[in-house]
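# Examining the three-dimensional arrangement
So the chains spell out like this:
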Amino acid sequence: GLIDVARARGRADPHARAQLGALHAAAWGLSAILEQAGREIDRDPDDDANAAHARALAARHLVERLCTDVLDRFGRATGPAPLAFDAEVARRHAELALYIRQCHGERDLESLVDAAEEAR
């Protein structure tokens, strides 16, 4: 939702447009991660390769990084007005910040190494 808001409210200056380009790339990346994870699940629905845990940790890490980038670039693309004067946008921004705090950061990355080695 934030990326759509940024597209709709984005400013016309080159720097804001560059941020919109980065947001577009983030949206594509998020979609690609989820599509790839879905393809892998479809190929091995019973998780015979023991790859589900590693896949989930890798996807969560990548989504967290891209969502952090979205939060950062959103304000650069739109300026502060949507966050200050649009309660729905401010709510979406806060919800995304809360969502990414559910990632366990380095603990997940350490677990990812172990899970990836077990899936080999």
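For the structure, see preceding data.
Residues numbered from 1 in each chain as written. Predicted model: local features only at pLDDT ≥ 70, side-chain atom pairs only at ≥ 80, totals over all residues. Heavy atoms only, no water.

### Some points on helix α2 (residues 14-43)
Over its 30 residues, α2 runs 43 Å from end to end, which matches the ideal 44 Å to within 8%, given 1.5 Å per residue. Three or more residues of α2 are buried, namely Ala16, Gln19, Leu20, Ala22, Leu23, Ala26, Gly29, Leu30, Ile33 and Ala37. In this fold, the buried residues of α2 make contact with α1 (2-9) and α3 (52-78). At the N-terminal end of α2, a side-chain oxygen is found 3.1 Å from the backbone nitrogen of His15, two or three residues along, and the residue is Asp13. (Helix = DSSP H or I, 4+ residues; strand = E, 2+ residues; numbered from the N terminus. Expected span 1.5 Å × (residues − 1). Buried < 20%, exposed > 50% of the residue type's maximum accessible area, 1.4 Å probe, protein only. Contact = heavy atoms within 4.5 Å. Polar contact = N/O pair within 3.5 Å; in protein donor to acceptor, adjacent residues only side chain to side chain.)

### Description of a negative patch on the surface
Taken together, the side chains of Glu110, Asp114, Glu117 and Glu118 define an acidic patch exposed on the protein surface. Tracing the backbone through its elements, the reader meets Glu117 in helix α6 (residues 105-119). (Patch = residues over 30% accessible without salt bridge, like charges linked within 9 Å, V, L, I, M, F, W, Y side chains within 5 Å. Areas by Shrake-Rupley, 256 points an atom, 1.4 Å probe, with all protein chains shown as cover. Salt bridge = Lys/Arg side-chain N within 4 Å of Asp/Glu carboxyl O. Lys, Arg positive; Asp, Glu negative; His and termini not counted. Charge placed at Lys NZ, Arg CZ, Asp CG, Glu CD.)

### As for the packing of α1 against α3
At their nearest, the axes of α1 and α3 sit 9 Å apart, and the two run at 15° to each other. With respect to α3, the axis of α1 lies roughly parallel. Considering the relative orientation of α1 and α3, their crossing is left-handed. Note on element contacts: α3 touches α1 through Val70, Leu71, Phe74, Ala77 and Thr78, opposite Leu2, Ile3, Val5 and Ala6. Partitioned by chemical class, the residues of the contact of α1 with α3 number 8 nonpolar, 1 polar and no charged. (Axes fitted to C-alpha atoms, helices over the stretch in contact; angles between N-to-C directions. Parallel < 35°, antiparallel > 145°, perpendicular 65-115°, else oblique. Left-handed = near helix turned anticlockwise from the far one by under 90°. Nonpolar A, V, L, I, M, F, W, Y, C, P; charged D, E, K, R; others polar.)

### A few points about the pattern of salt bridges
Under the definition given, this model contains 11 salt bridges. Note that Arg65 and Glu64 form a salt bridge whose closest N and O atoms lie 3.3 Å from each other. Residue class for Arg65 comes out partly exposed when judged on its relative accessible area of 43%.

### Some thoughts on unusual backbone geometry
Located in the positive-phi region is Asp47, a residue other than glycine, with phi close to 55°. Mapping Asp47 onto the fold places it in the loop between α2 and α3. In this model, Asn50 sits at a positive phi of 55°, which is unusual for a non-glycine residue. Its place among the elements puts Asn50 in the loop between α2 and α3.

### Details of α3
Given 3.6 residues to a turn, an α-helix orients residues that are three or four positions apart in the same direction. For α3, which comprises 27 residues, the first-to-last C-alpha distance of 38 Å matches the rise-based estimate of 39 Å (1.5 Å per residue) to within 8%. The largest bend along α3 measures about 25° and falls at Asp72. Of the residues making up α3, those classed as buried are Ala54, Arg55, Leu57, Ala59, Val63, Glu64, Cys67, Val70, Leu71, Phe74, Ala77 and Thr78. Turning to α3, the residues buried within the fold contact α1, α2, α4 (81-85), α5 (87-100) and α6. (Bend = angle between axes of the 7 residues up to and from the residue.)

### What to know about the layout of surface pockets
Approximately 200 Å³ is the volume attributed to the largest pocket. Ranked by residues supplied to the lining of the largest pocket, first place goes to α1 with 4 residues. Considered class by class, the residues forming the lining of the largest pocket number 7 nonpolar, 1 polar and 4 charged. (1 Å grid on protein atoms, 1.4 Å probe; cavity = no way out; pocket = protein on both sides within 12 Å on 5 of 7 lines; lining within 4 Å. Points joined across faces, edges and corners; volume = space filled by probe spheres on them.)

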